Amino acid sequence: MSRGRAAARFWLRRPGLVAAVAVLALALLAAFFPGLFTGRDPLSGVPAERLRGPSLHHLFGTDQLGRDLFSRVVHGAALSLKATSLAVAVGLVAGSALGLAAGYVGGLLDDALMRIADVLLAIPSLLLSLALVTALGFGTVKVAVAVGVTSVAGFARIMRAEVLRVREATYVEAARSSGSRPLAVLLRHVLPNASGPVLVYAAVEFGTVVLAVSALSFLGYGAEPPAPEWGSLVSGGRDYLATAWWLTTLPGLTIAATVLAAGRVSRALDGEAKEASR
Amino acid sequence: MPRYLVQRLLQAVFVLWAAFTTSFVVLYLLPGDPVSIMASGGGDTNDVSPEQIAELKRVYGFDKPLVEQYGDRLWHALRGDFGISVQSGDPVTRLIAGQLPATLQLTSAALLLATVVGAGVALAATYTRRRWLRQALLSLPALGVSAPTFWVGLILVQLVSFRWGLLPAIGNEGFRSLILPAVTLAVPTSAVIAQVFARSLRAALAEPYVETALAKGASRRRVHFGHALRNAAIPPLTVAGMLVGNLLAGSVIVETVFSRTGVGRVTATAVTAQDLPVVQGLVVFGALAFVLANLAVDLIVPLLDPRITGAAATAVTR
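Since the structure is predicted, the reported quantities are computational estimates derived from the model, not experimental observations.

S.K.: For this particular structure, what's the right way to read a nonpolar patch on the surface?
M.R.: Judged by side-chain polarity, A:Leu26, A:Leu28, A:Leu29, A:Phe32, A:Phe33 and A:Leu36 come together as a nonpolar surface patch covering roughly 580 Å² of accessible area. Inspection of the secondary structure assignment puts A:Leu36 in the loop between α2 (15-32) and α3 (69-105).

In structure tokens:
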């Protein structure tokens, strides 16, 4: 069977995965180019159109100040998904560096770093990020850093395991015995070959981090009020639960759909794509 | 006392010490100026007089060298003293202990519910012969871990309390007010338990003893619920132990959504007011809950499977 037909069959058999990729792509597009989806201002409202239900004119309805909720959710993607990306980047970079050092150097450094990772995993991650937010202060970037730090231990563990596996490989041995310097071996041979599972883990973490970031934003530690964030949009609708269901339901549904899609895509990256390409 | 138990206890003590040290570093070293953070109470620093700051410094020992501060705090923490809340002036330990019963009620109800639902979904998914039903049941966990807890809570309030008027939306008076918060908190937990249990059940059902039992004439139901269930119970149990910390953390959100009192609410308030001693006490408390839950699991696992003697119990999940 040709490659193209195999690929077509792979996607046709997985309509859920296709939908997940679409949702994720839309969410990321909204985060970086909100203008593509809506021309409405997320911050200023039309007082005459307060608390309107969803309609063709206002897809997600309007809030208590007459602001278009769809526009706020779209612009909220910018804050929430950029915060998520930053958090994953913090975990990925710091965790990989620590895992690389622990696995490659070994010995006492390895023991010490892995004990620290164990402890970080023993403190519930929401509590740890809350402690970090207490110390750093409030705001989208600080929330992102706080959440990112809690994922460092997970990344470090996976990177270390991969480095231990790759370190003994023949090509690493060959590079070392042919006189490459240790740092060059590490960066040119060990890191590229160890990074696959770490990147898959980054995809897995993406959904978890969206949830963590929006939870902190829901609790009120994210951006200052008028700026829309997914978590704070949900909490903003709390006072109107009985009268305006869309204010909490639709932003929350957006978060859930994004996390679900990220989970589906990361599962595909983890297993199915690998199996299919074999 | 068996040796593995001693080992476990020592590990637990180490984790607690390390959690204390981590929280000390995060809360008192990272900010650079913890005193003005505490003095501002989450607001502006400008309305705090220099005298107040000096007074705070003296009371909380920030005028001493760092090593001495750390030693002092650790020494007090060892005796269960985590200092005084900046906000209320109450001792941190009493503040947490006073709110503990409400949160224990919530988290244990949620854990019970999550175990029953999670195990039920996993058992039904592996037992049924209907393909669509199995697919549907196995896709539930992914939904459960994807829905934000705060959103699930608010949707439940919207439907059950406001639209149908069945249960109270807020507060913690009586059993009826416990139902919605416990269900909310149980959703992600049950999803994880179902996922892990379904996987271990499938592995157990592929073991040779299953075939032997069936060949000897045991009914499919008996093999499934008798043999496989017991053999597959350990991974979800160890995971449940690890989830106790998450339940505690989840109570921060659930208690906020349902306006309940409890440790979670204390946490949210303390973070908002940047009440450093309270937050530190809570981090150590979270680690304590995690450690105790895992110790309990270590004690139960050998009862389920005599081949496992503690030392190997946690290896199952690692």
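S.K.: So what exactly am I meant to see when it comes to the interface of chain B and chain A here?
M.R.: The extent of an interface is frequently quoted as the accessible surface area lost upon association of the parts. Between chain B and chain A, the contact holds 44 residues from the first and 40 residues from the second. Between chain B and chain A, a total of about 3,500 Å² is buried, with carbon and sulfur atoms accounting for 79% of that surface. Applying the counting rule to chain B against chain A returns zero salt bridges. Broken down by secondary-structure element, the contributors of at least two residues to the side of chain B that touches chain A are α1 (3-29), α6 (131-146), α7 (149-163), α11 (234-257), α12 (263-272) and α13 (276-304) of chain B. Looking at the side of chain B that touches chain A, the element that brings in the most residues is α7(B), giving eight residues. In terms of residue class, the side of chain B that touches chain A is built from 32 nonpolar, 10 polar and two charged.

S.K.: What should I look at first to understand the UniProt feature "domain: ABC transmembrane type-1" (unreviewed entry) in chain A in this one?
M.R.: Mapped onto this numbering, the UniProt entry annotates "domain: ABC transmembrane type-1" (unreviewed entry) at residues 77-266 of chain A. With 83% helix and 0% strand, residues 77-266 of chain A has its two end C-alpha atoms placed 20 Å apart.

S.K.: Got a minute to help me understand the layout of surface pockets in this structure?
M.R.: In this approach a probe as big as a water molecule rolls over the atoms, and the regions it shows empty are the leftover space. Residues and elements named next belong to chain B. Looking at the second largest pocket, its volume works out to about 630 Å³. Along the wall of the second largest pocket there are 27 residues; nearest its centre are Leu111, Ala240, Gly241, Val244 and Ala293. Elements with a minimum of two residues in the lining of the second largest pocket: α5 (92-127), α8 (176-205), α11 and α13. Here the element with the most residues in the lining of the second largest pocket is α13; it accounts for nine residues. Here the lining of the second largest pocket is built from residues that sort into 22 nonpolar, five polar and no charged.

S.K.: It is not clear to me how the packing of aromatic side chains should be interpreted in this structure. Could you clarify?
M.R.: Within a pair of aromatic rings, the relevant descriptors are the distance that separates the centres and the angle that separates the planes. In the structure shown here, the tally under the stated rule is 11 aromatic pairs over all chains. The interplanar angle of 80° and the centroid separation of 5.1 Å between the aromatic rings of A:Phe60 and A:Phe70 together place this pair among those described as edge-to-face. Linking A:Phe60 in the loop between α2 and α3 with A:Phe70 in helix α3, this pair joins segments that are 10 residues apart in sequence. Grouping residues by exposure puts A:Phe60 and A:Phe70 together as buried. Here the aromatic rings of A:Phe218 and B:Phe150 are separated by 4.5 Å at their centres, their planes lie at 10°, and the arrangement is stacked. A residue pair is termed interchain when its members come from two chains, as with A:Phe218 in helix α9 (residues 182-218) and B:Phe150 in helix α7. The pair formed by A:Phe218 and B:Phe150 is uniform in burial state, with each residue classed as buried. Here a set of aromatic residues connected by ring pairs shows up, and it is made of B:Phe20, B:Phe24, B:Tyr28 and B:Tyr70. One Lys or Arg, B:Arg73, reaches over the ring of B:Tyr28 and ends 4.3 Å from the middle of that ring.

S.K.: Just checking my understanding: could you explain the packing of α11(B) against α12(B) for this structure?
M.R.: For any two helices packed against each other, one specifies the crossing angle of their axes together with the interaxial distance. Residue and element names in this part refer to chain B. Where α11 contacts α12, the axes come no closer than 7 Å and their chain directions differ by 90°. Judged by the inter-axis angle, α11 sits roughly perpendicular to α12. Residue-level contacts link Ser251, Val252, Glu255 and Thr256 of α11 to Val263, Gly264, Arg265, Thr267 and Ala268 of α12. The residue makeup of the contact of α11 with α12, split by class, is three nonpolar, four polar and two charged.

Cut-offs applied
- Residues numbered from 1 in each chain as written.
- Chains lettered and ligands numbered in written order.
- Predicted model: local features only at pLDDT ≥ 70, side-chain atom pairs only at ≥ 80, totals over all residues.
- Heavy atoms only, no water.
- Patch = residues over 30% accessible without salt bridge, like charges linked within 9 Å, V, L, I, M, F, W, Y side chains within 5 Å.
- Areas by Shrake-Rupley, 256 points an atom, 1.4 Å probe, with all protein chains shown as cover.
- Salt bridge = Lys/Arg side-chain N within 4 Å of Asp/Glu carboxyl O.
- Helix = DSSP H or I, 4+ residues; strand = E, 2+ residues; numbered from the N terminus.
- Contact = heavy atoms within 4.5 Å.
- Buried area = accessible area lost by both parts, 1.4 Å probe.
- Nonpolar A, V, L, I, M, F, W, Y, C, P; charged D, E, K, R; others polar.
- UniProt positions renumbered as here; feature names shortened; annotations may be inferred.
- 1 Å grid on protein atoms, 1.4 Å probe; cavity = no way out; pocket = protein on both sides within 12 Å on 5 of 7 lines; lining within 4 Å.
- Points joined across faces, edges and corners; volume = space filled by probe spheres on them.
- Phe/Tyr/Trp six-rings, centres within 6.5 Å; stacked < 30°, edge-to-face > 60°.
- Buried < 20%, exposed > 50% of the residue type's maximum accessible area, 1.4 Å probe, protein only.
- Lys NZ or Arg CZ within 6 Å of the ring centre and 35° of its normal.
- Axes fitted to C-alpha atoms, helices over the stretch in contact; angles between N-to-C directions.
- Parallel < 35°, antiparallel > 145°, perpendicular 65-115°, else oblique.

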